[in-house]
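What follows is the residue order along each chain.
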Amino acid sequence: MSGESKSRGPLFNVLIVAGGLIFGFGLGFSHMARPEVVLNFLQFEDFGLLFVMGGAAVVTGVTFAVASRSSGRAPLTGKAYTRRLKSFDRNVLIGGGIFGVGWGLSGICPGAAYASLGIGNYPILFAIGGMFAGAYAQGLWRKHSVSDRPVSSEAD
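Here goes a summary of the coordinates provided. (Residues numbered from 1 in each chain as written. Predicted model: local features only at pLDDT ≥ 70, side-chain atom pairs only at ≥ 80, totals over all residues. Heavy atoms only, no water.)

Pairing of side chains with opposite charge becomes possible as their charged atoms draw close. All chains considered together, the criterion is met by one salt bridge. Residue Arg34 pairs with Glu36 through a salt bridge whose shortest N-O separation is 2.9 Å. Using a relative accessible area of 31% as the deciding quantity, one classes Arg34 as partly exposed. (Salt bridge = Lys/Arg side-chain N within 4 Å of Asp/Glu carboxyl O. Buried < 20%, exposed > 50% of the residue type's maximum accessible area, 1.4 Å probe, protein only.)

As a further point, take helix 4 (residues 48–70). The end-to-end C-alpha distance of helix 4 is 33 Å, a good match for the 33 Å that 23 residues give at a rise of 1.5 Å each. Just downstream of helix 4, Gly72 is the residue with a positive phi angle, here 80 degrees. (Helix = DSSP H or I, 4+ residues; strand = E, 2+ residues; numbered from the N terminus. Expected span 1.5 Å × (residues − 1).)

Attention now goes to the nonpolar core. The biggest cluster of nonpolar side chains holds 14 residues, and the ones touching the most others in it are Leu27, Met32, Leu49, Trp103, Ile108, Ala113 and Ile124. Breaking this core down by element, the ones donating at least two residues are helix 3 (35–42), helix 6 (110–118) and helix 7 (124–147). Excluding residues within four positions of it along the chain, Ile124 makes contact with Ile108, Ala113, Ser116 and Leu117. (Core = buried A, V, L, I, M, F, W, Y, C linked by side-chain atoms within 4.5 Å. Contact = heavy atoms within 4.5 Å.)

Turning our attention to the layout of surface pockets. Take a probe with the size of a water molecule and roll it over the atoms, and the empty space left behind shows itself. By volume, the largest pocket amounts to about 610 Å³. Around the largest pocket, the lining comprises 21 residues; the ones closest to its centre are Gly95, Ile98, Phe99, Gly134 and Ala135. Residue assignment for the lining of the largest pocket shows that the elements contributing at least two residues are helix 5 (90–106) and helix 7. At ten residues, the largest contribution of residues to the lining of the largest pocket is made by helix 5. Split into classes, the residues belonging to the lining of the largest pocket amount to twelve nonpolar, seven polar and two charged. In this structure, the second largest pocket spans a volume of roughly 320 Å³. Around the second largest pocket sit 15 residues that line it, and Phe23, Leu27, Met32, Val52 and Ala56 are the ones nearest its centre. Elements that contribute at least two residues to the lining of the second largest pocket include exactly helix 2 (12–29), helix 4 and helix 6. (1 Å grid on protein atoms, 1.4 Å probe; cavity = no way out; pocket = protein on both sides within 12 Å on 5 of 7 lines; lining within 4 Å. Points joined across faces, edges and corners; volume = space filled by probe spheres on them. Nonpolar A, V, L, I, M, F, W, Y, C, P; charged D, E, K, R; others polar.)

Geometric values such as these leave the question of function open.
Take a look at the structure:
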């Protein structure tokens, strides 16, 4: 076990599952796990998804601001709250483009795909299979692209 896994309390996994269930229930209750609702949003016919995402962003922002000022540490892991800045590069553009095309074709994003199963949308299994296949292909591509790069040494 890693050191991080040992430092987590016994309820950590229970809270993760509970959080996922609450998130999935919220997506189902708000109808955001229905591809037709998402596709209507992407075609500028229904802006309900915008309000759901906006509400989630407000709740997250307020929670992060309050929690980071009150204790400075994450309650489950004990790690300090920090900003994690990522570089905006070619991989972000390509990945975002693939994500957007997949979202537009299937009408569902990865998180909502699993919630969509919960409301009986079993054809979404094809989209979930595509997500796994794409992640596997990306992992293979990254593994080969990293192993093909020449290794530089400081001793040269």
